Amino acid sequence: MHARVSAPDVAAAGGREGAGRALDRLVRADWLLPTAAAGVLGFTAKFEAALAAVQSALTRIHPTGTAGPSWHAPVVPRGPIERAQYTDSFPHLLGTVHALPPGTGGSSGTGEDGRVPTDTVLAPAVCYSVYPSLADTMPDGPRHFDVAGTCYRHEATSEVGRFRSFRMREFVAVGTEEAALAWRDEWTERCRALFAGLGVAVRVQEASDPFFGPGAEFMRASQIEQSLKYEFVAPVRPGDAGTAIASVNLHKDHLGERFAIGSPDGGWAHSSCAAFGLERIVLALVHVHGDDPDDWPAAV
């Protein structure tokens, strides 16, 4: 006798099977290296070459020129993340670093339960390494940053493109309200042109993000109403209705206030950023143009 399987179970099983097939195909085509953990993958030399080409394309479109991003560690101090109120918004996505106390011996019987939180957490986004560098100051003009790093968000998923550990590149602006808004709008158009040149058809849609701490549900609705965040959505695998491969974000003065960054025109500094999921962009290129990078557009 076979157990009866409910419709949701069938759908979930089909989704897992589809995700498995997509991953298997990318493994066979020499793009990805599987691991035993969902959402955690290794990358072949072929994948890394494509990612480096995406990085070069991003460097070329910078409006004032950049030698490339400054790279930040995959772990960040816990204090700034708490100061930014990320832990209030999405504590379940934050990866923490635990360790055994100093002097603990292997024969002491202290196991996993004896581990205690350290002063670091896994970086949920690269821009959280930017704001502490300006904390408790008043810059005399707009400040711009080109940053990259490895990030982590604790999402249990097996879908191709839904990485738990991933690399992000961000172009960040901190300054007056007008400067931050202009930066966001300019990067919105720049992203449209970038993806058109890469041959990746994107859908631009309004979205929300966990920048606003307590009262997050209300603030996310307000964020959408004010058009503070736009995502660039494209398929990254067969059957994918669309995955966000980049976004442009206007934070208003939330992070300026949280980090006490003053603005020359009074009040707290405003900030904005353009963020690019590097692995997702590569997967979108593979999905559209195939497995041979020699067949990809010259812009890559």
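Scope of this entry: the structure provided in the associated data block. Computed from a predicted model, the values in this text were never measured in an experiment. (Residues numbered from 1 in each chain as written. Predicted model: local features only at pLDDT ≥ 70, side-chain atom pairs only at ≥ 80, totals over all residues. Heavy atoms only, no water.)

Focus on the sheet that holds strand E10 (residues 229–234)
In step 1: Read from one edge to the other, the open sheet built from 7 strands follows the order E3-E7-E8-E12-E11-E10-E9, with strand pairing classed as mixed. Both edges of this open sheet fall to strand E3 (70–72) and strand E9 (203–206), since each of them pairs with a single strand only. For this sheet, the mean inter-axis angle between neighbouring strands, taken without regard to orientation, is 20°.
In step 2: Summarising the sheet, E3 and strand E7 (residues 143–152) pair through 3 bridges and their orientation is parallel. Each residue of the ladder has a partner; that of Trp71, found in E7, is Ala148.
In step 3: Packing of helix H8 (residues 278–289) onto the sheet brings it into contact with strand E8 (165–175), strand E11 (243–252) and strand E12 (270–277), and relative to E12 it is tilted by some 45°. (Pairing = 2+ DSSP bridges. Helix = DSSP H or I, 4+ residues; strand = E, 2+ residues; numbered from the N terminus. Axes fitted to C-alpha atoms, helices over the stretch in contact; angles between N-to-C directions. Contact = heavy atoms within 4.5 Å.)

Re the nonpolar core
In step 1: One finds Trp31, Tyr131, Val172, Phe195 and Phe276 to be the most contacted residues of the largest nonpolar core, which totals 70 residues.
In step 2: When residues in this core are grouped by element, the largest group, 7 residues, is from H8.
In step 3: In this structure Tyr131 touches Val172, Val174, His251, Leu255, Phe259, Ile261 and Ser271, once residues within four positions along its chain are discounted. (Core = buried A, V, L, I, M, F, W, Y, C linked by side-chain atoms within 4.5 Å. Buried < 20%, exposed > 50% of the residue type's maximum accessible area, 1.4 Å probe, protein only.)

Quick look at helix H5 (residues 177–197)
In step 1: Between the first and last C-alpha of H5 there are 30 Å, a value that for 21 residues agrees with the 30 Å anticipated at 1.5 Å per step.
In step 2: Following H5 by one or two positions, Gly199 has its phi on the positive side, about 75°. (Expected span 1.5 Å × (residues − 1).)

A closer look at the sheet that holds strand E4 (residues 75–77)
In step 1: Here 3 strands make up an open sheet; going across it, the order is E4-E6-E5 and the pairing antiparallel. Since the sheet does not close on itself, it has two edges, and those belong to E4 and strand E5 (96–99), each with one partner. Mean inter-strand twist for the sheet, computed between neighbouring axes without regard to direction, equals 50°.
In step 2: Of the strand pairs in this sheet, E5 and strand E6 (residues 116–122) are connected by 3 bridges, and their pairing is antiparallel. Of the residues in E6, the one forming a bridge with Ala99 is Val116.

Digging into helix H2 (residues 45–60)
In step 1: Taking 1.5 Å per residue as the helical rise, H2 with its 16 residues ought to reach 22 Å, and the 23 Å between its terminal C-alpha atoms agrees with that figure.
In step 2: Those residues of H2 that sit buried are Phe47, Ala50, Leu51, Ala53, Val54, Gln55, Ala57 and Leu58.

Here's the deal with the packing of H2 against H8
In step 1: Where H2 contacts H8, the axes come no closer than 9 Å and their chain directions differ by 105°. In terms of orientation, H2 lies roughly perpendicular with respect to H8. Of the residues in H8, those in contact with Phe47, Ala50, Leu51, Val54, Gln55 and Leu58 of H2 are Leu278, Glu279, Ile281, Val282, Leu283 and Leu285.
In step 2: A per-class count over the contact of H2 with H8 returns 10 nonpolar, 1 polar and 1 charged. (Parallel < 35°, antiparallel > 145°, perpendicular 65-115°, else oblique. Nonpolar A, V, L, I, M, F, W, Y, C, P; charged D, E, K, R; others polar.)

Examining the packing of aromatic side chains
In step 1: Taken as a whole and judged by the stated rule, the model has 11 aromatic pairs.
In step 2: Where Phe43 meets Phe163, the ring centres are 6.0 Å apart and the plane angle is 55°; that geometry is what we call tilted. In this pair, Phe43 sits in strand E2 (residues 42–43) while Phe163 sits in the loop between E7 and E8, placing the two residues 120 residues apart along the sequence.
In step 3: Ring plane angle 70° and centroid distance 6.1 Å describe the contact between Trp187 and Phe276, whose orientation is recorded as edge-to-face. Here Trp187, found in helix H5, pairs with Phe276, found in strand E12; they are 89 residues apart in sequence, far enough to count as distant. For the pair formed by Trp187 and Phe276, the shared burial category is buried.
In step 4: Pairwise contacts between aromatic rings join Trp31, Phe43, Phe47, Phe163 and Trp296 into one cluster. (Phe/Tyr/Trp six-rings, centres within 6.5 Å; stacked < 30°, edge-to-face > 60°.)

Some details on the environment of Arg25
In step 1: Looking at where Arg25 falls in the secondary structure, it is placed in helix H1 (residues 7–28).
In step 2: Given the relative accessible area of 31%, Arg25 is considered partly exposed.
In step 3: The residues contacting Arg25, other than those within four sequence positions of it, are Val286 and Asp291.
In step 4: At a separation of 2.8 Å, a polar atom in the side chain of Arg25 contacts the side chain of Asp291. (Polar contact = N/O pair within 3.5 Å; in protein donor to acceptor, adjacent residues only side chain to side chain.)

Limitation: the analysis is restricted to geometry and does not speak to function.
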